[in-house]
Each structure stands twice: as structure tokens, then as C-alpha cells.
Amino acid sequence: MDMLICVFCFVFFPPPVSHSQITRLYSRFTSLDKGENGTLSREDFQRIPELAINPLGDRIINAFFPEGEDQVNFRGFMRTLAHFRPIEDNEKSKDQNGPEPLNSRSNKLHFAFRLYDLDKDDKISRDELLQVLRMMVGVNISDEQLGSIADRTIQEADQDGDSAISFAEFVKVLEKVDVEQKMSIRFLH
């Protein structure tokens, strides 16, 4: 494997990540790269069974792609996966003056917020919440029930009266949720 790949992997996945773990991730990346061009397309991600059956699979897949891009390279792949890396006990006491890791609580919450903020205006509107709820439950719940859930959610979360959920309000709602655990995937083991 190219030494450059190892160098930037350690930026997103600092030690105790081993060379063999990075090699496994690179191997997974290349196995997904059906075009064998060093990048992944949306179609490559859609072949992953867990994403194909996930109601938010398309939203998660979109998170891998910068605005206007149709391909993601290994660096971009690693950068997005870094959000899902579990926070180890030794990382919780790291230097507070250093850059915040991509897998921090705050960055995980930003990532989750962006899954709901479909129009990227830094607010979750009732319509956006309804769209995401429809993605999650399909036709199993009536539009009236979904509307009621969306209205109640916004009513409970909206503190400034703008009928939308800001990032700060989203964080407040999730303050007692173990986001670090729920948004972690142990893909290096």
C-alpha cells in the first residue's frame, strides 16, 4: 500500500490504529471500487447490503460525496468513516487545544443533523422531518400520524419559536442520548 495512504489514515484514525487495520480498510475500499479507478461511486455504495436496506441509506451515501461530486477517493472515504469511529477512553482526555476529532460527540451530532437538514439551511423544518420520517417508516404509518409526530417533535424541540429545529436545539434534545455509542461502528476490528 502506498505510504501516503498510511500517513493520512493516521490523521483520521490516530494510534492505536495498526497498519493491518488500515490495510483492511483499504482492501474494503478497493473491493467496493468496481470501476477499479481508485474512487467509489454512489452505485458502489448501493451494493453494500446494510446501506441498501437502510431507509436512510441514500442520505448516508450522500454524506460521502462533497457537493457536486460523483466520486469519492480513499481519503474522502476515510474522512466520512472517521465520524463513526468509537471514542476510546484514552481519546477522551486528549489535549483540549488540539483539533476536535471527527468522531467527537459534536461532530457526530453535526453529521446526524445534516442527514435531516435536507436543504442545508441549518434548520430542520417540518417538511424535512416529514421526508426523513417517510424514508424511515415507509407506508407503515399514515400521513396524518407522521404529521402528528413531526409537529410534536418540533413543538418539543423548538425553543426559539421559529417552527424549526436548529443545531443547538437538536443538540439539546439529544443531550442525554449516548450519541458516541449509537453512532459508532467498530470497523477496524
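As the structure is a prediction and not an experimental result, all values here were calculated from the model.

Cut-offs and rules
Residue positions are given per chain, counted from 1 along the sequence in the order it is written. For a predicted model such as this one, the threshold for reporting local features is a pLDDT of at least 70, and the threshold for listing and counting side-chain atom pairs is 80 or more; totals across whole chains, interfaces and linings nevertheless cover every residue. Heavy atoms from the whole structure form the basis of all side-chain values; hydrogens and water molecules are not counted. The secondary structure listing takes helices from DSSP runs of H or I that are at least 4 residues long and strands from runs of E that are at least 2 residues long, numbered from the N terminus. Here a helix's expected span is defined as the number of its residues, less one, multiplied by 1.5 Å. Think of it in three bands: residues with accessible area under 20% of the maximum for their type are buried, residues over 50% are exposed, and the middle band is partly exposed, with areas taken using a 1.4 Å probe on protein chains only. The contact definition used throughout considers only heavy atoms, calling two residues in contact when any of these lie within 4.5 Å. Angles run from 0 to 180 degrees between N-to-C directions of axes, and those axes are lines fitted to C-alpha atoms, restricted for helices to the stretch in contact. Each angle is binned into one of four classes, with values under 35 degrees roughly parallel, values over 145 roughly antiparallel, values of 65 to 115 roughly perpendicular, and all other values oblique. By the definition used in this description, the sense in which the near helix is turned from the far one sets the handedness, with an anticlockwise turn below a right angle giving left-handed and a clockwise turn giving right-handed. Here the nonpolar group is Ala, Val, Leu, Ile, Met, Phe, Trp, Tyr, Cys and Pro; Asp, Glu, Lys and Arg are the charged ones; every other residue, Gly included, is treated as polar. Salt bridges are defined as contacts in which a side-chain nitrogen from Lys or Arg sits within 4 Å of a carboxyl oxygen from Asp or Glu.

Looking at helix α8 (residues 126-137)
And step 1. For α8, which comprises twelve residues, the first-to-last C-alpha distance of 16 Å matches the rise-based estimate of 16 Å (1.5 Å per residue) to within 8%.
And step 2. If you check which residues of α8 are buried, you get Glu128, Leu129, Leu130, Val132 and Leu133.
And step 3. Among the structural elements, α7 (105-116), β3 (123-124) and α9 (143-157) are those in contact with the buried residues of α8.
And step 4. Looking one or two residues past α8, glycine 138 carries a phi angle of roughly 60 degrees, positive in sign.

Here's the deal with the packing of α8 against α9
And step 1. Viewed as axis vectors pointing N to C, α8 and α9 meet at an angle of 130 degrees, and their least axial separation amounts to 9 Å. By the angle between their directions, the pair α8 and α9 is classed as oblique. The two elements α8 and α9 cross, and the hand of that crossing is right-handed. Between α8, through Arg126, Leu129, Leu130, Leu133, Arg134 and Val137, and α9, the contact on the second element is made entirely by Asp143, Leu146, Gly147, Ile149, Ala150, Asp151, Thr153 and Ile154.
And step 2. Considered class by class, the residues forming the contact of α8 with α9 number eight nonpolar, two polar and four charged.

Section: the packing of helix α2 (residues 19-32) against helix α6 (residues 74-82)
And step 1. With their axes 11 Å apart at the nearest point, α2 and α6 run at an angle of 120 degrees to one another. The two elements α2 and α6 cross, and the hand of that crossing is right-handed. Along the contact surface, α2 presents Leu25, Tyr26, Phe29 and Leu32, while α6 presents Phe74, Phe77, Met78 and Leu81.

Details of the pattern of salt bridges
And step 1. The tally for this structure, following the rule as stated, stands at six salt bridges.
And step 2. Arginine 42 is paired through a salt bridge with aspartate 70; the nearest N and O atoms lie 3.9 Å apart. Here arginine 42, found in helix α3 (residues 42-46), pairs with aspartate 70, found in the loop between α5 (57-63) and β2 (71-73); they are 28 residues apart in sequence, far enough to count as distant.
And step 3. A relative accessible area of 25% means that arginine 42 is categorised as partly exposed.
And step 4. In this structure aspartate 70 comes out as exposed when scored by relative accessible area, which is 55%.
And step 5. Close ionic contact of aspartate 44 with arginine 47 constitutes a salt bridge, the shortest N to O distance being 2.7 Å.

A few points about the environment of tyrosine 116
And step 1. Residue placement: tyrosine 116 occurs in helix α7.
And step 2. On the accessibility criterion, tyrosine 116 (22% relative accessible area) is partly exposed.
And step 3. The spatial distance from the C-alpha of tyrosine 116 to the C-alpha of arginine 59 is 8.6 Å, given a sequence separation of 57 residues.
And step 4. In contact with tyrosine 116, other than residues within four places in its own chain, are Ile124, Glu128, Leu129, Val132, Met136 and Phe170.

Everything listed here is a matter of geometry and, on its own, says nothing about what the molecule does.
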